[in-house]
Amino acid sequence: MKNVLIAAVAACGFATVSSADTWDMPTPYGDATFHTQNISQFAADIAAATDGALEITVHSGGSLFPHGEIRNVVRSGQVPIGEFFLSRLVNDDAAFGIDSQPFVATSYDDAAKLWEAQKPVVTELLAEQGLVPLFSVPWPAQGLYTNGEIETVEALNGLRFRAYNAALEEFATLAGAAPVQVEASDIPQAFATGQVEAMVTSPSTGANSTAWDFVTHYTPINAWVPKNIVVVNERAFRRLPEDVQTAVLEAAAQAEARGWEMSAAEADAKTAIMAENGMIIVTPSDALTAGLQEIGATMLTNWEASASDAAKSILTTYQGQ
Ligand code: PCA
């Protein structure tokens, strides 16, 4: 059996089992999250394609490093690979944050076009940090979770509002709400303890956090389609045998395509689960949409004011498509 294995490994041209690499991969979201499931498949695909020459151990839900540290530990080489919410890097450069600006790209088609325009700029910025992007996958469009129907932006005034990045904090503030940063896995507890009373997130995160236990209404404002990204430490990547590098890049391309499909399937399926559990799904009123668009316009002006020429070129490329 052992001989057969060695022969098979040798036949594939991959490094022998004794020189196999094991990579720890921190991710921020839980095992029930489709992003995590997609990453588990990515890891399994690499293990299979390399006959175990590279094994990736996924540490989900912030269990190895908290979300806010994942980029830094990949950058420093403490771990070779990791996942995070791309627009969390907006303080480094506005280019990272364009997918979290309201009403810039609200459909998957537009989100794909935006990623096409954003990717080269982001790739260059990450290269300055010794990081290589492997793949990026969007969440379903972001909607509003509240107790009672929200017919105008004014109805959000004074609410304690869960936020997951700087853009959402700005959004909540412009709506007159009080933003509180809470990680996805802490959402149920934050509502249960009264720390927050409203939020904007995808139907995936809404259903996974059993939103029906703490809010009555879901309004699919579908205002933006933000992405997660998986990055690898460049030095760690270059140390891999060339055929293993190729296998990683192939698995990454598959994971990106599969992830976008999983995301699209989730949008309706998870909204249906929320309705089955008694949540009222409300079509946004014209007044609410107009108010939110006004907030979006202000935010985009602010974003442009903080953006480099390269970051601004993302918007012009995207809008010219
Ligand atoms: N879920 C994550 C990020 C965006 C989303 O849909 C969250 O709520 O933290």
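What you see is a predicted model, and the numbers here were worked out from it, not measured in a lab.

For helix α5 (residues 166-174), the full list of buried residues reads A167, L168, F171 and A172. Down the axis of α5, the smallest arc covering the buried residues is 135°, so these residues share one side. Where α5 begins, the capping side chain belongs to N165, and its oxygen is found 3.3 Å from the backbone nitrogen of A167.

The subject of this paragraph is the packing of helix α4 (residues 108-127) against helix α11 (residues 309-320). Viewed as axis vectors pointing N to C, α4 and α11 meet at an angle of 145°, and their least axial separation amounts to 9 Å. The way α4 lies across α11 gives a crossing that is right-handed. Seen from α4, the contacting residues are D110, K113, L114, A117, Q118 and V121; seen from α11, they are A310, A311, S313, I314, T317 and Y318. Taken together, the residues of the contact of α4 with α11 sort by class into seven nonpolar, three polar and two charged.

Right, let's talk about the site of the ligand for a bit. As a structural note, the neighbourhood of the ligand is formed by Y29, F85, W139, Q142, R162, Y164, A184, T201, S202 and T205. Contacts to the ligand include Q142, whose side-chain N or O atom sits 3.0 Å from an oxygen atom. Contacts to the ligand include S202, whose side-chain N or O atom sits 2.6 Å from an oxygen atom. When the ligand is considered free in solution it has 260 Å² of accessible area, and contact with the protein chains removes 99% of it.

Next up on the list: the sheet that holds strand β9 (residues 217-219). The six strands lie next to each other as β7-β6-β8-β5-β9-β11, forming an open sheet whose pairing is mixed. Bordering the open sheet on either side are β7 (178-181) and β11 (280-281), each of which pairs with just one other strand. Note: strand β6 (residues 160-163) against β7, four bridges, orientation parallel. Among the inter-strand pairings, F161 is bridged to a residue of β7, identified as P179. Most of the contacts of α5 go to β6, to which it runs at about 160°, and overall it touches β6, β7 and β8 (198-201).

What follows deals with the environment of V180. Within the element layout of this structure, V180 appears in strand β7. Placed twelve residues apart in sequence, V180 and L168 show a C-alpha to C-alpha distance of 9.8 Å.

Summarising the model, the protein shows a mean pLDDT of 95, and 94% of its residues fall at 70 or more. In this model residues 1-11 is a low-confidence stretch, pLDDT under 50, and it forms six contacts with partners more than four residues away in sequence or in other chains.

Read from one edge to the other, the open sheet built from three strands follows the order β3-β10-β4, with strand pairing classed as antiparallel. The open sheet is flanked by β3 (81-85) and β4 (131-138), the only strands paired with a single partner. The mean angle between the axes of side-by-side strands here comes to 25°, regardless of whether they run parallel or antiparallel. Bridge count between β3 and strand β10 (residues 227-233): five bridges; the pairing is antiparallel. Each bridged residue has a counterpart across the sheet, and for I81 the counterpart in β10 is V232.

Checked against the element boundaries, S209 lands in the loop between α7 (203-208) and β9. A polar contact of 2.4 Å, which involves the side chain of S209, links it to the backbone oxygen of T205. Apart from residues lying up to four places away in sequence, S209 is in contact with I187, P188, M199 and F214.

Glancing now at the environment of N222. Its location among the elements puts N222 in the loop between β9 and β10. Linking N222 and A184, residues 38 residues apart in sequence, is a C-alpha distance of 18 Å. In this structure, N222 is in contact with T106, A141 and Q142, ignoring residues within four places of it in sequence.

Moving on, we get to the packing of aromatic side chains. Within the structure shown, the criterion is met by eight aromatic pairs. Summarising the aromatic geometry, the rings of Y145 and Y218 are spaced 4.6 Å apart at their centres and angled 50° between planes, so their arrangement reads as tilted. You can see Y145 sitting in strand β5 (residues 143-146) and its partner Y218 sitting in strand β9, a full 73 residues away along the chain. Its relative accessible area of 0% is what places Y145 among the buried residues. Note on F191 and F214: the rings are 4.2 Å apart at their centroids and 20° apart in plane angle, and the pair reads as stacked. Note that F191 is positioned in helix α6 (residues 187-192) and F214 in the loop between α7 and β9, a separation of 23 residues in sequence. Of the residues examined, F191 reaches a relative accessible area of 9% and is grouped as buried. Here the aromatic residues Y29, F34 and W139 are joined through ring pairs into a cluster of three or more.

Definitions and cut-offs
- Residues numbered from 1 in each chain as written.
- Predicted model: local features only at pLDDT ≥ 70, side-chain atom pairs only at ≥ 80, totals over all residues.
- Heavy atoms only, no water.
- Buried < 20%, exposed > 50% of the residue type's maximum accessible area, 1.4 Å probe, protein only.
- Helix = DSSP H or I, 4+ residues; strand = E, 2+ residues; numbered from the N terminus.
- Arc of directions from axis to C-beta.
- Polar contact = N/O pair within 3.5 Å; in protein donor to acceptor, adjacent residues only side chain to side chain.
- Axes fitted to C-alpha atoms, helices over the stretch in contact; angles between N-to-C directions.
- Left-handed = near helix turned anticlockwise from the far one by under 90°.
- Contact = heavy atoms within 4.5 Å.
- Nonpolar A, V, L, I, M, F, W, Y, C, P; charged D, E, K, R; others polar.
- Near = heavy atom within 4 Å.
- Areas by Shrake-Rupley, 256 points an atom, 1.4 Å probe, with all protein chains shown as cover.
- Pairing = 2+ DSSP bridges.
- pLDDT = per-residue confidence, 0-100.
- Phe/Tyr/Trp six-rings, centres within 6.5 Å; stacked < 30°, edge-to-face > 60°.

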